[in-house]
Amino acid sequence: MVNRDGQAAALDDPVGESLRGHHAHLARRLGRATTYLPEVATFSAVTADPGPQEWADLAQLLGRGEFADMFSCAATPPSDWQPVFVLEGRQMIWPGGSRLDRSHGESVTGVVELGADSVPEMLDLVARAQPGPFWPRTHELGAYLGIHDNGTLVAMAGERLRPPGWTEISAVCTAPEARGRGHAARLITALVARISARDERPFLHVVEANTDAIALYERLGFETRKHVTFRGFRTP
């Protein structure tokens, strides 16, 4: 594992760092608890050592019986919070000093930028490819790129969490009928070039069981920084 980069400290709390910084305009807050606006993302954040009041604030912020995606937060909520899922995964980063020229990324054949008018086809692709959480306003988190085949969106990837100095690549997905054509690699290459051109570094998260995706990311140059556990709960 790679954990030698001092600049990577922000990646220990990627949700909280994003909500306090680049995504502050997309955040809801109560006390020290934060979460994204509805239909943007379900990720929530608390401080490193939250007390009962902080959990109560997050529960009030979300509402009774609502879903709290705590992402990789290691803090344990009160016993009356119902566990929804636990998934083992890993956080991977683009090596320091590695940089792709933006013009190279933009020259990748068939890659186009997706905007608000693309949301219906993005949601349709997500329903077919099931890459993970994606909502009607998720595209507001950053740039999203796609590839069409005969007018139909068959692959996409985009930017999600934005802790200082970093941008997460997420929603990497390809329709079942279009897999095996290198679409994901082309999209990731284009995003790495864009992010690097901003003097930021790409990173991503992947479920441990998704060995094909891990192998692809490693082939493209990503390195494992650390293993994480993704957890979700329902508020009391």
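The present account deals with the structure reproduced in this document. Position labels on residues start from 1 in each chain and follow its written sequence. At least 70 in pLDDT is required for a residue's local features to be given in this predicted model, at least 80 for side-chain atom pairs to be given and counted, and no such filter applies to totals for whole chains, interfaces and linings, which use all residues. Computation of side-chain values covers all heavy atoms of the structure but excludes hydrogens and water.

**Brief notes about the sheet that holds strand E6 (residues 111-114)**
The rule for pairing is simple: two strands pair if DSSP sees at least two bridges between them. Where helices and strands are cited, they refer to DSSP runs of H or I of at least four residues and of E of at least two residues respectively, numbered from the N terminus. Taken in spatial order, the eight strands line up as E4-E11-E5-E10-E9-E8-E7-E6 in an open sheet, and their pairing is mixed. With one partner strand each, in any of the chains shown, strand E4 (67-71) and E6 form the two edges of the open sheet. When the angles between neighbouring strand axes are averaged without regard to direction, this sheet yields 30°. Where strand E5 (residues 82-93) and strand E10 (residues 201-207) come together, five bridges link them in antiparallel fashion. The residue bridging Arg90 from the neighbouring strand is Val206, located in E10. Interaxial angle, 0 to 180 degrees, is taken between N-to-C directions of lines fitted to C-alpha atoms, where a helix line uses only the stretch in contact.

**Comments concerning the nonpolar core**
In this structure, Met156, Tyr217 and Phe222 are the most contacted members of the largest nonpolar core, which totals 36 residues. Elements that contribute at least two residues to this core include exactly E6, helix H4 (119-129), strand E7 (144-149), strand E8 (152-159), strand E9 (166-174), helix H5 (183-197), E10 and helix H6 (211-220). For this core, the element with the highest residue contribution is H5, accounting for seven residues. The contact rule is simple, with two residues in contact once any of their heavy atoms fall within 4.5 Å. Apart from the residues lying within four places of it in its own chain, the contact partners of Tyr217 are Met92, Val172, Ile188, Leu204, Val206 and Phe222. Among buried residues, those of type Ala, Val, Leu, Ile, Met, Phe, Trp, Tyr and Cys that are joined through side-chain atoms within 4.5 Å constitute a nonpolar core. Three exposure classes are used, based on accessible area relative to the maximum for each residue type with a 1.4 Å probe and protein chains only: buried under 20%, partly exposed in between, and exposed over 50%. In terms of nonpolar packing, the next biggest core, distinct from the first, is built from 20 residues, Val15, Leu19, Tyr36 and Leu37 among them.

**Remarks on the pattern of salt bridges**
Any two side chains of opposite charge can pair if their charged atoms end up close together. Within this document, salt bridges are pairs made up of a side-chain nitrogen of Lys or Arg and a carboxyl oxygen of Asp or Glu, the two lying within 4 Å of each other. The final tally for this structure, using the stated rule, is 15 salt bridges. Note that Arg194 and Glu113 form a salt bridge whose closest N and O atoms lie 2.9 Å from each other. Here Glu113 lies in strand E6 and Arg194 lies in helix H5, a separation of 81 residues in the sequence. For Arg194, a relative accessible area of 14% gives the class buried. Note that Asp124 is salt-bridged to Arg128, the shortest N-O span being 3.2 Å. Of the two residues, Asp124 and Arg128 both sit in helix H4, four residues apart, roughly one turn of that helix. Each member of the salt-bridge network shares a partner with another, and the members are Glu159, Arg162, Arg198 and Glu200.

**A few points about the packing of H5 against H6**
Packing of H5 against H6 leaves a shortest axis separation of 11 Å and a crossing angle of 50°. Looking at the two axes, H5 sits oblique to H6. Here the hand of the crossing between H5 and H6 comes out right-handed. Where H5 abuts H6, its residues Ala184, Ala185, Ile188 and Thr189 lie against Leu216, Tyr217 and Leu220. A class-by-class count of the residues in the contact of H5 with H6 yields six nonpolar, one polar and no charged. Throughout, the term roughly parallel applies to angles under 35 degrees, roughly antiparallel to angles over 145, roughly perpendicular to angles from 65 to 115, and oblique to all others. For a crossing to be left-handed, the near helix must be turned anticlockwise from the far one by less than a right angle; the clockwise case is right-handed. All amino acids are sorted into three groups, where Ala, Val, Leu, Ile, Met, Phe, Trp, Tyr, Cys and Pro are nonpolar, Asp, Glu, Lys and Arg are charged, and the leftover types, Gly among them, are polar.

**Describing the packing of aromatic side chains**
For any pair of aromatic rings, the description consists of the separation of the ring centres together with the inter-plane angle of the planes. The criterion for an aromatic pair is that two Phe, Tyr or Trp rings (for Trp, the six-membered ring) have centres within 6.5 Å, with stacked assigned to planes under 30 degrees apart, edge-to-face to planes over 60 apart and tilted to the rest. Counted under the stated rule, the structure contains eight aromatic pairs. Aromatic side chains Trp166 and Phe203 sit 6.2 Å apart centroid to centroid with 90° between the ring planes, which places their arrangement in the edge-to-face category. Here Phe203 lies in strand E10 and Trp166 lies in strand E9, a separation of 37 residues in the sequence. As far as burial versus exposure is concerned, Trp166 and Phe203 are alike and both buried.

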